[in-house]
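Structure assessment
This is what each chain is made of:
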Amino acid sequence: MIEQIMSKFKDVFSEEFGALKDIKAKITLKSDAKPKFCKARPVPHSLKPVVDKELDRLIQLGILTPVKYSEWATPIVVVPKRDGTVRICGDFKVTLNPNIEIDQYPLPRVDDIFSSLTGGHHFTKIDLKNAYLQMEVEEDQRKLLTINTHKGLFQFNKLMFGVASAPAVWQRAMDQVLQGILRVHCMIDDMIITGCTRENHIENLEKVLSRLQAFNLKANIKKCDIFKESIKFCGHKIDRCGLHKTEEKVRAVVNTNYPSSVTEFLGLVNYCGKFMPNLSTILRPLHHLLEKNSAWQWTKEYHKPLVSIFHPQKGVPLTTASRLQRYALFLSGLDYSIEYRNTTQHGNADGLSRMPLPLTGDGEDEEPEFLDSACVFHIAQLEALPVSANEVKRRTAHDPVLARVYEATMRGWNDSTGQDLQHYFSRRNEITGHSLKQDILLVIHEGHLGVVKMKSLARSHVWWPGIDAEI
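This part is about the overall build of the protein chain. Tallying secondary structure elements over the protein chain gives 19 helices and 12 strands in all. By the burial criterion, 41% of the 471 residues in the protein chain qualify as buried. When the accessible surface of the protein chain is totalled, it reaches about 27200 Å², and 52% of it is carbon and sulfur.

Quick look at the structure:
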């Protein structure tokens, strides 16, 4: 049966790139919006060949178009992937996002999706390939999505991850595509399908695939689960009996360090409290510890709620370890503000996010710790620095003036210091870059910021006699 469906809708699962028909993304600027042009950020030498290859690939697919001029220019963020390729994203939070009207179309509530699946016997999950990149942007608005790279300016023709309106624009389009089909829900790029009977499920599945085919949308067959008795969706396990926690979450909780406070432990409990009847009764000994003058003791009496709540047969999904770089990019696609809150003011914190386990690389979506994409990216940036500590050391040793400055710094300045070193004496508590000044001047002039800003930038990092005049 599955093979027949796959054959009938083979276009949906083809390797070709999707292009959503009849619906294009619109980006609305604020009335007082002003174009912002940012210079290209340096790309580590080790990543340049891979970045160049990815840019060429995106051009061939029609996702990018080279342009010679643009009032808008967004710097890129290059995130290495496990397969050796890279993901190129625009850092739109520094350019476009503050200047657009954020679309307020609501995303579906996870609890509402779970409730609507009641009565299903089998479930299908379809992963839409590359999500937003299957949706074209109105031609007169593509200039807003111009990115600045080491190879020049490129304009995105498709909706980009990181644009603040993208989730809402895409969700509205998906709701239009699936309109009228029952027992089907879409959360960004994940679709979940069921039916009250086997026949009803197959009927709904074929309707969905027919719509995807009609709108020229593509799915990633490697990430699809078709006609399964249970699936994982939005961090939970779903089957004919209802909603469950998964064993991975239980294992994560069991293997975590002992909580250092009652509040810390209750954070773990509250996450899956909806699965526990009579939760307040079970937690009574722990809540008692929050009362004034109650002493914290991790004894068997207080360990019993843990055994009851996190029994292996009532499992919950493992939280994927945080990746700051990817999370920052994810947040850039949302309208949000940030403020500091003391721990005591957080009532909704996920306990496992506060007490994460070390990565092993064995989990479904885990990466080994030494392959953390964010760490690789940030460490690789060091290669693009204009000078290195070793280079400063080598040049200082061979520079006749700086060699004397170094000697005076190490042994102590005195009255016999030569007149030609007086400028350095007045700056003896700062680092100077005399022998590397040509390299540094080139970097300072890259952005053409104007004399005042360039002088300010230089003073923040380096100094040598006559630096203002040379700038």
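Spatially, 3 strands are ordered β10-β11-β12 in an open sheet, and the strand pairing comes out antiparallel. Edge positions in the sheet fall to β10 (230-233) and β12 (242-244), since each has one partner strand and no second. Neighbour-to-neighbour, the strand axes of this sheet turn through a mean angle of 30°, independent of strand direction. With 4 bridges connecting them, β10 and strand β11 (residues 236-239) associate as antiparallel partners. Opposite Ile231, over in β11, you have Ile238 as the bridge partner.

With that out of the way, let us pick up the sheet that holds strand β8 (residues 190-194). Spatially, 4 strands are ordered β7-β8-β4-β9 in an open sheet, and the strand pairing comes out antiparallel. The open sheet is flanked by β7 (184-187) and β9 (225-228), the only strands paired with a single partner. Within the sheet, the average angular offset between the axes of one strand and its neighbour, ignoring direction, is 15°. Running at roughly 150° to β8, helix α5 (residues 198-214) makes contact with β4 (123-127), β7, β8 and β9 of the sheet.

Moving on: the environment of Gln141. By the secondary structure assignment, Gln141 is in the loop between β4 and β5 (146-149). Residues Gln141 and Leu29 lie 112 residues apart in sequence; the distance between their C-alpha atoms is 9.6 Å. Beyond its immediate chain neighbours, meaning those up to four positions away, Gln141 contacts Ala25, Lys26 and Ile27.

The next point concerns the packing of aromatic side chains. Each aromatic ring pair is specified by the distance between its two centres and by the angle formed by the two planes. Scanning the model with the defined rule gives 2 aromatic pairs in all. Measuring from centroid to centroid gives 6.2 Å for Tyr132 and Phe161, while their planes differ by 25°, and the two rings are stacked. Residue Tyr132 is found in the loop between β4 and β5, and its partner Phe161 is found in the loop between β6 (152-156) and α4 (166-177); the two are separated by 29 residues along the sequence. Its relative accessible area of 8% is what places Tyr132 among the buried residues.

Counting residues in each nonpolar core, the largest one holds 64 residues, and the members touching the most others are Ile126 and Met174. A total of 6 residues in this core trace back to one element, the largest contributor, which is α4. Each residue touching Met174, except ones within four places of it in the same chain, is listed here: Leu20, Leu128, Cys186, Ile188, Met191 and Leu217. Judged by nonpolar contacts, the second largest core, of 15 residues, contains Leu421, Leu441, Val462 and Trp464.

Take the pairing of strand β3 (residues 86-90) next. With respect to burial, β3 is a largely interior element, 4 of its 5 residues being buried. With 5 bridges connecting them, strand β2 (residues 74-80) and β3 associate as antiparallel partners. Paired with Val79 across the bridge in β3 is Arg87. Connecting β2 to the antiparallel partner β3 that follows it, the hairpin turn spans 5 residues, and Gly84 within it adopts a positive phi of roughly 95°.

The geometry of helix α14 (residues 389-398) relative to helix α15 (residues 400-411) is characterised by a closest axis approach of 5 Å and an angle of 105° between their N-to-C directions. Between α14 and α15, the crossing angle belongs to the class labelled roughly perpendicular. On the side of α14, the interface is formed by Thr396, Ala397 and His398, while α15 contributes Pro400, Leu402, Ala403 and Tyr406. When the residues that make up the contact of α14 with α15 are grouped by side-chain class, the tally is 5 nonpolar, 2 polar and no charged.

A word on the pairing of β7. Here β7 runs beside β8; their pairing, made up of 4 bridges, is antiparallel. Residue pairing across strands places Met187 opposite Asp190, the latter belonging to β8. Connecting β7 to the antiparallel partner β8 that follows it, the hairpin turn spans 2 residues, and Ile188 within it adopts a positive phi of roughly 60°.

What follows is about the environment of Cys241. Tracing the backbone through its elements, the reader meets Cys241 in the loop between β11 and β12. Using a relative accessible area of 66% as the deciding quantity, one classes Cys241 as exposed. In this structure, the C-alpha to C-alpha distance between Cys241 and Gly119, residues 122 residues apart in sequence, is 8.2 Å.

This model, assessed by the stated rule, comprises 10 salt bridges. Here Asp103 and Arg172 are joined by a salt bridge, their closest N and O atoms 2.7 Å apart. Residue Asp103 is located in the loop between β3 and α3 (110-116), and its partner Arg172 is located in helix α4; the two are separated by 69 residues in the primary sequence. Judged by its relative accessible area of 24%, Asp103 is partly exposed. The shortest N-O distance in the salt bridge between Arg142 and Glu136 comes to 3.6 Å. Accessibility expressed as a relative area gives 12% for Arg142, which makes it buried.

To continue, consider the side chain of Ser165. By secondary structure assignment, the location of Ser165 is in the loop between β6 and α4. On the basis of relative accessible area, Ser165 is assigned to the buried category, the value being 3%. Among residues more than four places away in sequence, those in contact with Ser165 are Ile100, Glu101, Ile102 and Asp103.

A few words on α5. An α-helical segment advances 3.6 residues per turn. Residues three or four places apart therefore align on the same side. Across its 17 residues, α5 extends 24 Å between first and last C-alpha, which sits within 8% of the 24 Å expected from 1.5 Å per residue. Of the residues making up α5, those classed as buried are Asn200, His201, Ile202, Asn204, Leu205, Val208, Leu209 and Leu212. Where α5 is buried, its residues touch α1 (2-8), β4, β7, β8 and β9. Asn216 occupies a position one or two residues after α5 and carries a positive phi of about 60°.

Quick notes on the rules
- Residues numbered from 1 in each chain as written.
- Predicted model: local features only at pLDDT ≥ 70, side-chain atom pairs only at ≥ 80, totals over all residues.
- Heavy atoms only, no water.
- Helix = DSSP H or I, 4+ residues; strand = E, 2+ residues; numbered from the N terminus.
- Buried < 20%, exposed > 50% of the residue type's maximum accessible area, 1.4 Å probe, protein only.
- Areas by Shrake-Rupley, 256 points an atom, 1.4 Å probe, with all protein chains shown as cover.
- Pairing = 2+ DSSP bridges.
- Axes fitted to C-alpha atoms, helices over the stretch in contact; angles between N-to-C directions.
- Contact = heavy atoms within 4.5 Å.
- Phe/Tyr/Trp six-rings, centres within 6.5 Å; stacked < 30°, edge-to-face > 60°.
- Core = buried A, V, L, I, M, F, W, Y, C linked by side-chain atoms within 4.5 Å.
- Parallel < 35°, antiparallel > 145°, perpendicular 65-115°, else oblique.
- Nonpolar A, V, L, I, M, F, W, Y, C, P; charged D, E, K, R; others polar.
- Salt bridge = Lys/Arg side-chain N within 4 Å of Asp/Glu carboxyl O.
- Expected span 1.5 Å × (residues − 1).

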